[in-house]
Amino acid sequence: TQTVSQSDAHVTVFEGDSVELRCNYSYGGSIYLSWYIQHHGRGLQFLLKYYSGNPVVQGVNGFKAEFSKSDSSFHLRKASVHWSDSAVYFCAVSALNTGYQNFYFGKGTSLTVIP
Amino acid sequence: GALVYQYPRRTICKSGTSMRMECQAVGFQATSVAWYRQSPQKTFELIALSTVNSAIKYEQNFTQEKFPISHPNLSFSSMTVLNAYLEDRGLYLCGARGHLNSDYTFGSGTRLLVI
């Protein structure tokens, strides 16, 4: 089975700082990784995904993530955060053995951006 | 664009009663629909995956007897929480996709309170 872990439950930064939200997965086969954002009390919004090709993927609002097979990671980064980026960020994994049908989410990282 | 609507947005039910929630895909054909639950302070747990013309697959700890799902066409799905108790409270999210290479589009969720 595939699993995904987000090591940081909470991250706090100041507006304008850079940020990295960590995501590690465990699965040996072909994998589909994505990041979603949840603003307070609301549903999930898609940020970006990786399936194959260029390991660095660009998402919306200046977010990008880099896939690393050697580290089993898919960390999310942003060079300069805005207060509106405060939200909970979820990393999700889906694997070939489920036909990329089942998405499993990490526990989420709550990002607080101080204005 | 692809949108998913969920209703009701919020609902309260008495302990031991049942509650039905609905999920509507607009702008695309929802070949697969995944239902998730986010309990307070937790991540999104996959309840079941429904694919048109296939059997609905429930994850461990979730059963059809407790969470019956209907997926009668390519634009609509519903799930009922039968005999709801306190531990069933949370945000129920529906995600739909058209084909394997597309991303899931999520609704805003149905927040269930049990009293």
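Because the structure is a prediction, the values reported are computed rather than measured.

Asker: Break down the overall build of chain B for me, with residues and values.
Answerer: Across its full length, chain B carries zero helices and eleven strands. Helices and strands in chain B line up, N terminus first, as β-β-β-β-β-β-β-β-β-β-β. The globule rule puts the C-alpha radius of gyration for 115 residues at 13 Å, and the 13 Å found for chain B is close to it. If one aligns the C-alpha atoms of chain B with their principal axes, the spans along those axes are about 40 × 25 × 25 Å. Looking at chain B residue by residue over its 115 residues, the buried ones come to 50%. Put simply, of all contacts in chain B between residues at least 6 apart along the chain, 54% involve residues at least 24 apart. Total accessible area computed for chain B in this model is approximately 5600 Å², and 50% of it derives from carbon and sulfur atoms. In chain B, which carries 11 positive and 7 negative side-chain charges, the distance between the mean positions of the two groups comes to 6 Å.

Asker: Explain the layout of surface pockets to me, using residue names and the numbers behind them.
Answerer: All names here are of chain A. In this structure, the largest pocket encloses a volume near 580 Å³. If you tally residues by element for the lining of the largest pocket, the top one is strand S10 (residues 87-95), at three residues. Looking at the lining of the largest pocket residue by residue, the class counts come to six nonpolar, twelve polar and three charged. Of the pockets and cavities examined, the second largest pocket occupies roughly 490 Å³.

Asker: Outline unusual backbone geometry, supporting the account with residue identities and numerical values.
Answerer: Where the residue is not glycine, phi is negative for most of them; where a peptide bond is considered, it is trans in most cases. Of note, the amide linkage connecting Tyr-7 of chain B to Pro-8 of chain B takes the cis form, showing an omega dihedral of 0°. A positive phi angle, close to 55°, is found at Asn-61 of chain A, a residue other than glycine. Residue Asn-61 of chain B is not a glycine yet carries a positive backbone phi of 85°. When you line up the elements, Asn-61 of chain B lands in the loop between strand S6 (57-58) and strand S7 (69-73).

Asker: Outline a nonpolar patch on the surface, supporting the account with residue identities and numerical values.
Answerer: Where nonpolar side chains cluster on the molecular surface, the patch consists of Leu-3, Tyr-5, Tyr-7 and Val-26 of chain B and spans about 340 Å² of accessible area. Tracing the backbone through its elements, the reader meets Tyr-7 of chain B in strand S1 (residues 3-7).

Asker: Residues and numbers for the environment of Gln-101 of chain A, please.
Answerer: All names here are of chain A. Within the secondary structure, Gln-101 is located in the loop between S10 and strand S11 (104-105). On the accessibility criterion, Gln-101 (14% relative accessible area) is buried. Distance in space between the C-alpha atoms of Gln-101 and Gly-53 is 20 Å, their sequence separation being 48 residues.

Asker: Now, about the environment of Lys-42 of chain B: what can you tell me, with residues and values included?
Answerer: Tracing the chain through its elements places Lys-42 of chain B in the loop between strand S4 (32-38) and strand S5 (44-51). Separated by 48 residues in sequence, Lys-42 of chain B and Gly-90 of chain B have C-alpha atoms that sit 9.3 Å apart.

Asker: If you had to explain the packing of aromatic side chains to someone new, which residues and values would you point to?
Answerer: Describing an aromatic ring pair means giving the distance of the ring centres and the angle of the ring planes. Overall, the coordinates contain 18 aromatic pairs over all chains when judged by the stated rule. Taking 5.8 Å as the distance between ring centres and 65° as the angle between the ring planes, the aromatic pair formed by Tyr-36 of chain A and Phe-105 of chain A counts as edge-to-face. Within this pair, whereas Tyr-36 of chain A is found in strand S5 (residues 31-38), its partner Phe-105 of chain A is found in strand S11, the two being separated by 69 residues in sequence. Both residues of the pair, Tyr-36 of chain A and Phe-105 of chain A, belong to the buried class. Consider the rings of Phe-63 of chain A and Tyr-89 of chain A, whose centres lie 5.5 Å apart with planes at 45°: the pair is tilted. Taken together, the residues Phe-63 of chain A in the loop between strand S7 (56-58) and strand S8 (64-68) and Tyr-89 of chain A in strand S10 connect sequence positions 26 residues apart. There is no split in this pair, since Phe-63 of chain A and Tyr-89 of chain A are both buried. The rings of Tyr-32, Tyr-36, Phe-46, Tyr-51, Phe-90, Phe-103 and Phe-105 of chain A together with Tyr-36, Phe-44, Tyr-104 and Phe-106 of chain B are connected pair by pair, giving a single aromatic cluster.

Asker: Report on the confidence of the model for chain A, specifying residues and quantitative values.
Answerer: Considering every residue of chain A, the mean pLDDT works out to 91; 94% of them sit at 70 or more. Put simply, strand S1 (residues 3-5) of chain A is where chain A has its lowest mean pLDDT, 89, and strand S3 (residues 19-21) of chain A is where it has its highest, 98.

Thresholds, definitions, all that
- Residues numbered from 1 in each chain as written.
- Chains lettered and ligands numbered in written order.
- Predicted model: local features only at pLDDT ≥ 70, side-chain atom pairs only at ≥ 80, totals over all residues.
- Heavy atoms only, no water.
- Helix = DSSP H or I, 4+ residues; strand = E, 2+ residues; numbered from the N terminus.
- Rg over C-alpha atoms; globule rule 2.2 N^0.38 Å.
- Buried < 20%, exposed > 50% of the residue type's maximum accessible area, 1.4 Å probe, protein only.
- Contact = heavy atoms within 4.5 Å.
- Areas by Shrake-Rupley, 256 points an atom, 1.4 Å probe, with all protein chains shown as cover.
- Lys, Arg positive; Asp, Glu negative; His and termini not counted.
- Charge placed at Lys NZ, Arg CZ, Asp CG, Glu CD.
- 1 Å grid on protein atoms, 1.4 Å probe; cavity = no way out; pocket = protein on both sides within 12 Å on 5 of 7 lines; lining within 4 Å.
- Points joined across faces, edges and corners; volume = space filled by probe spheres on them.
- Nonpolar A, V, L, I, M, F, W, Y, C, P; charged D, E, K, R; others polar.
- Patch = residues over 30% accessible without salt bridge, like charges linked within 9 Å, V, L, I, M, F, W, Y side chains within 5 Å.
- Salt bridge = Lys/Arg side-chain N within 4 Å of Asp/Glu carboxyl O.
- Phe/Tyr/Trp six-rings, centres within 6.5 Å; stacked < 30°, edge-to-face > 60°.
- pLDDT = per-residue confidence, 0-100.

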